Amino acid sequence: MAVKPMRRKPRRLVAEAVTVVIAGFVAFPLYWMLLSALKPPGEIQSADPRPWTLAPSLDSFTRVLSMNGFGRFFLNSLLIAVVVVLFSLLLSFLSAVALTRFRFRGRTVLLVMILVAQMVPVEALTIPLFFLMRSIGGSVPALGLNELGSIMLVDLVFSLPLSIWLLRGFVAAVPVELEEAAKLDGASRLRFAWQILLPLVAPGLVSVSVLSFIHAWNDFLFAKTFIISKTENQTLPQAILVFFKPEDTDWGAVMAASTLMTIPALVLFVLVQRKLVSGLGGAVKG
């Protein structure tokens, strides 16, 4: 008996076509960025730009990598991002457990405040945070102006509300009966949280880590505001400013540096994409 070939439904074909078109729009800026980084200077500054190049060159990447202090700037950005991710995971997990498993006065108000914190424009808080970091630096120099600690602290504070809100949905989805069964077996609340609850909310932790990493890795506003005179503590987004000049901006180097900045976040996203999708889906359900 011959097997009839499966035919795709028209709706599914339309959905796939729309998905491809949207993916093309999303990927086109990345393609143009990489293309501009590979183009020779004459083609970049051409009045008739073309979406291809017949003479790709790595000169722009060479200029970026040979820039004085580029490796240090890269390590500074990486250090900030890693520290923010680790503390964001720890604090958001503990906060989500407290807000979900414990009942106390003002819990609902606290949840609303966490949500409202996401609505405050970052630009409106830049100047107050500048004076705050300057004051903190008087007593804790590592968290003052011109120090990486100031950027870490502020990036962590801004990443926590969304992280807590995401993880709260995962923690709430874990049945209370599971915790009660663990208590009957002699497990303490702390042991249940670290050995049982933590692995169950792993997709949520992946989502939090990716979002926190991208936020800290791409941060330019706070890095530019807090790092004033200590050049060795500048981050990678700040380093790109070197190639911006009033009369002759090196667009090839700008695009090459942007491409190099995109690689770590892209690699992280590819490595955890499956858990990231399930994590965001679980947060919505929660």
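What comes next concerns the included structure. Remember, it's a predicted structure, so these values are computed and weren't measured experimentally.

A look at empty space enclosed by the protein
Inspection of every chain in the model, using the stated rule, returns one cavity of 30 Å³ or more. Volume-wise, the largest cavity comes out at about 30 Å³. Along the walls of the largest cavity sit Ser-77, Ile-80, Ile-151, Ala-216, Trp-217, Asp-219, Ala-223, Thr-235 and Pro-237, which together make up its complete lining. Looking at the lining of the largest cavity, the elements with two or more residues in it are α4 (70–101) and α10 (202–217). Of the residues contributing to the lining of the largest cavity, the split by class is six nonpolar, two polar and one charged.

Notes on helix α7 (residues 148–173)
Along its 26 residues, α7 runs 37 Å from first to last C-alpha, staying within 8% of the 38 Å computed at 1.5 Å per residue. The largest bend along α7 measures about 35 degrees and falls at Leu-160, with the proline Pro-161 one to four residues further on. Of all the 26 residues making up α7, 19 are buried; the element is thus mostly covered by neighbouring parts of the structure.

Some remarks on the layout of surface pockets
A probe matching the size of a water molecule, rolled over the atoms, marks out where space remains unfilled. When its volume is computed, the largest pocket comes out at roughly 410 Å³. What lines the largest pocket is a set of 22 residues, among which Gln-118, Val-157, Phe-158, Ser-159 and Pro-161 lie closest to the centre. Contributions of two or more residues to the lining of the largest pocket are made by α6 (122–139), α7 and α10. It is α7 that contributes the most residues to the lining of the largest pocket, ten residues altogether. The residue makeup of the lining of the largest pocket, split by class, is 17 nonpolar, five polar and no charged. Roughly 160 Å³ of volume is contained in the second largest pocket. Taken together, 13 residues make up the lining of the second largest pocket; nearest its centre are Arg-63, Asp-248, Thr-249, Asp-250 and Trp-251. At the level of elements, α2 (41–44), α3 (59–65) and α13 (251–271) are the ones that each hand at least two residues to the lining of the second largest pocket. Its residues assigned to classes, the lining of the second largest pocket comprises five nonpolar, four polar and four charged.

Observations regarding the nonpolar core
Of all hydrophobic cores here, the largest spans 37 residues; its most connected members are Val-64, Ile-80, Val-154 and Phe-226. Every element with two or more residues in this core is listed here: α3, α4, α6, α7, α10, α11 (221–226), α12 (236–239) and α13. Here this core takes seven residues from α13, the largest share from any one element. Judged by nonpolar contacts, the second largest core, of 16 residues, contains Val-97, Leu-167, Phe-170 and Ala-187.

Some words on the side chain of Thr-53
Secondary-structure assignment places Thr-53 in the loop between α2 and α3. Residues within four places of Thr-53 in sequence aside, it is in contact with Leu-35, Lys-39, Pro-40 and Glu-43.

Observations regarding the packing of helix α1 (residues 10–38) against α13
Two elements in contact, α1 and α13, have axes whose closest approach is 7 Å; the angle formed by their N-to-C orientations is 125 degrees. Taken together, the axis directions place α1 and α13 in an arrangement best described as oblique. Seen from above, α1 lies across α13 with left-handed handedness. Taking contact as the criterion, the partners of Leu-30, Met-33, Leu-34, Ser-36 and Ala-37 in α1 are, on α13, Gly-252, Met-255, Ala-256, Ser-258, Thr-259 and Thr-262. For the contact of α1 with α13, the class distribution of residues is six nonpolar, five polar and no charged.

Looking at the pattern of salt bridges
Per the counting criterion, the structure on display carries five salt bridges. With its nearest N and O atoms 3.3 Å apart, the salt bridge here joins Glu-16 to Arg-12. On the criterion of helical spacing, the pair formed by Glu-16 and Arg-12 is a turn pair, its members being four residues apart in helix α1. Given a relative accessible area of 28%, Glu-16 falls into the partly exposed group. Residue Asp-250 is joined to Arg-63 by a salt bridge in which the shortest nitrogen-to-oxygen separation is 2.9 Å. Of this pair, Asp-250 sits in the loop between α12 and α13 while Arg-63 sits in helix α3; the two residues are 187 residues apart in sequence, bridging distant segments of the chain.

Examining the environment of Leu-129
Secondary-structure assignment places Leu-129 in helix α6. In sequence terms Leu-129 and Ser-150 are 21 residues apart; their C-alpha atoms lie 9.7 Å from each other. Excluding its chain neighbours within four sequence positions, the residues that come into contact with Leu-129 are Val-154, Phe-158, Phe-222 and Phe-226.

Calculation rules
All chains use their own residue numbering, which begins from 1 and follows the written sequence. Since the coordinates come from a predicted model, pLDDT governs what is reported: local features require at least 70, and pairs of side-chain atoms require 80 or more to be given and counted, while whole-chain, interface and lining totals use all residues. Processing note: side-chain calculations cover all non-hydrogen atoms of the structure and skip hydrogens and water entirely. Here the term cavity refers to a set of points on a 1 Å grid, laid over the protein atoms alone, in which a 1.4 Å probe fits but cannot get out; the term pocket refers to an open set having protein on both sides within 12 Å along at least five of seven lines, with lining residues being those that place an atom within 4 Å of a point. Grid points are joined across faces, edges and corners, and a volume is the space filled by probe spheres set on the points. Only runs of H or I of at least four residues qualify as helices and only runs of E of at least two qualify as strands under DSSP, and these elements are numbered from the N terminus. Each residue is assigned to one class: nonpolar for Ala, Val, Leu, Ile, Met, Phe, Trp, Tyr, Cys and Pro, charged for Asp, Glu, Lys and Arg, and polar for all the others, Gly among them. To estimate how far a helix should extend, the number of its residues minus one is multiplied by 1.5 Å. Across the chain, bend at a residue is computed as the angle between axes fitted to the seven residues ending at that point and the seven starting from it. Only protein chains enter the calculation, and the probe is 1.4 Å; a residue is then buried if its accessible area is under 20% of its type maximum, exposed if over 50%, and partly exposed in between. The definition of a nonpolar core used throughout is a set of buried Ala, Val, Leu, Ile, Met, Phe, Trp, Tyr and Cys residues joined through side-chain atoms within 4.5 Å. In what follows, residue pairs with any heavy atoms lying within 4.5 Å of each other are defined as contacts. Whenever a helix is involved, its axis is fitted only over the stretch in contact; in every case the axis is a line through C-alpha atoms, and angles between N-to-C directions fall within 0 to 180 degrees. Roughly parallel refers to an angle under 35 degrees, roughly antiparallel to one over 145, roughly perpendicular to one between 65 and 115, and oblique to any angle outside these ranges. Handedness of a crossing is defined here by the sense of rotation of the near helix relative to the far one, left-handed for an anticlockwise turn of less than a right angle and right-handed for a clockwise turn. The salt bridge criterion pairs a side-chain nitrogen of Lys or Arg with a carboxyl oxygen of Asp or Glu, the two atoms within 4 Å.

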